[in-house]
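Given next are the chains, with one letter for each unit.
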Amino acid sequence: MANRINRREFVGRVAGAALAAPFVTQAGSANPTPAPAGEGKDFHGIFAILQTPFTPSKAIDEEDLEREVDFCVRCGTHGLVWPQLAAEFYLLSEEERMRGAEVIIRAAAGRRPVVIGVQEPYKGIAVKLARHAEAKGANAIIAIPPYVGGAGQEIAADYYRSLAQAVRLPIFVQNSGGSWGPGMSTEFIIRQAREFPQLAYIKEEVSPVPHRLEVYVKSGAMKGIF
């Protein structure tokens, strides 16, 4: 269920979206046809964040996951994302995450771009997941910053640079803040994008979102904005 907002918040969000209309989409961005690994094509459209279905024995229900992919494609989504917060990635083992990525990439079969979530508290595991996603044919990866131990922006910078150096894929930075890592400044994210163009994709969730979108658009550094 969506959070209720007042009139002022609504007007602010609409104004911000209108300002950034050429660049910003509600759920994400991507081409209806997949971009080859490492190719910096713009992403646009609606990206569905898939849920993780479980069997009664608490294993991932792979058949249901495949049906989710088919359903989203038939409904016209422009891309698929998994596993993020809504997919409860933190309940999955490394092996389950890699297997789930393989199922989704195979089920999508090139019909839509697939963005695989690789966030982990430690960069070594995130790099492992990123390399696996690239090897299996993902079109991009997405990651929130390290989210345990009070990690700050310096640790986040090393984390994202390690991902950029490990794979050729576009990398979406998810800036959620709160319990999911440091709320990164727009200046930090733009600086990272200029150093590593792979990181020029942002899923912004830190308030005030409309103002932050304006900063990204005016910077000219970002290739895709969620």
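Predicted, not measured: the structure shown is a model, and the values here were computed from it.

Summing up its helical and strand segments, the protein has seven helices and seven strands in all. For the protein, the sequential pattern of α-helices and β-strands runs α-β-α-β-α-β-α-β-α-β-α-β-α-β. Considering only contacts within the protein whose residues lie at least 6 apart along the sequence, 70% involve residues at least 24 apart.

This part is about the nonpolar core. Counting residues in each nonpolar core, the largest one holds 54 residues, and the members touching the most others are Ile-141, Leu-163 and Met-222. What Ile-141 contacts, discounting residues up to four positions off in sequence, is Val-115, Ile-116, Val-118, Ala-130, Ala-133, Leu-163, Val-167, Leu-169, Pro-170, Ile-171 and Phe-172. Ranked by size, the runner-up nonpolar core spans nine residues in total, among them Phe-43, Val-115, Ala-140 and Phe-172.

Quick look at helix α5 (residues 153-166) now. For α5, spanning 14 residues, the distance from its first C-alpha to its last is 20 Å, which sits close to the expected 20 Å at 1.5 Å a residue. Every buried residue belonging to α5 is among Ala-156, Ala-157, Tyr-159, Tyr-160, Ser-162, Leu-163, Ala-164 and Ala-166, and all of these are buried. Where α5 is buried, its residues touch α4 (123-136), β4 (140-143), β5 (171-175) and α6 (186-195).

Going through the model one piece at a time under the given rule, you end up with 12 salt bridges. The salt bridge partner of Glu-94 is Lys-128, with a shortest N-O separation of 3.0 Å. Of this pair, Glu-94 sits in helix α3 (residues 94-108) while Lys-128 sits in helix α4, and the two are 34 residues apart along the sequence. Looking at Glu-94, the relative accessible area reads 24%, which means it is partly exposed. Given the relative accessible area of 42%, Lys-128 is considered partly exposed. Two residues, Arg-212 and Glu-204, come together in a salt bridge whose shortest N-O distance is 3.2 Å. Note on accessibility: Arg-212 and Glu-204 belong to one class, buried. Through salt bridges with shared partners, one network takes in Glu-62, Arg-99 and Glu-102.

What counts and what doesn't
Residues numbered from 1 in each chain as written. Predicted model: local features only at pLDDT ≥ 70, side-chain atom pairs only at ≥ 80, totals over all residues. Heavy atoms only, no water. Helix = DSSP H or I, 4+ residues; strand = E, 2+ residues; numbered from the N terminus. Contact = heavy atoms within 4.5 Å. Core = buried A, V, L, I, M, F, W, Y, C linked by side-chain atoms within 4.5 Å. Buried < 20%, exposed > 50% of the residue type's maximum accessible area, 1.4 Å probe, protein only. Expected span 1.5 Å × (residues − 1). Salt bridge = Lys/Arg side-chain N within 4 Å of Asp/Glu carboxyl O.

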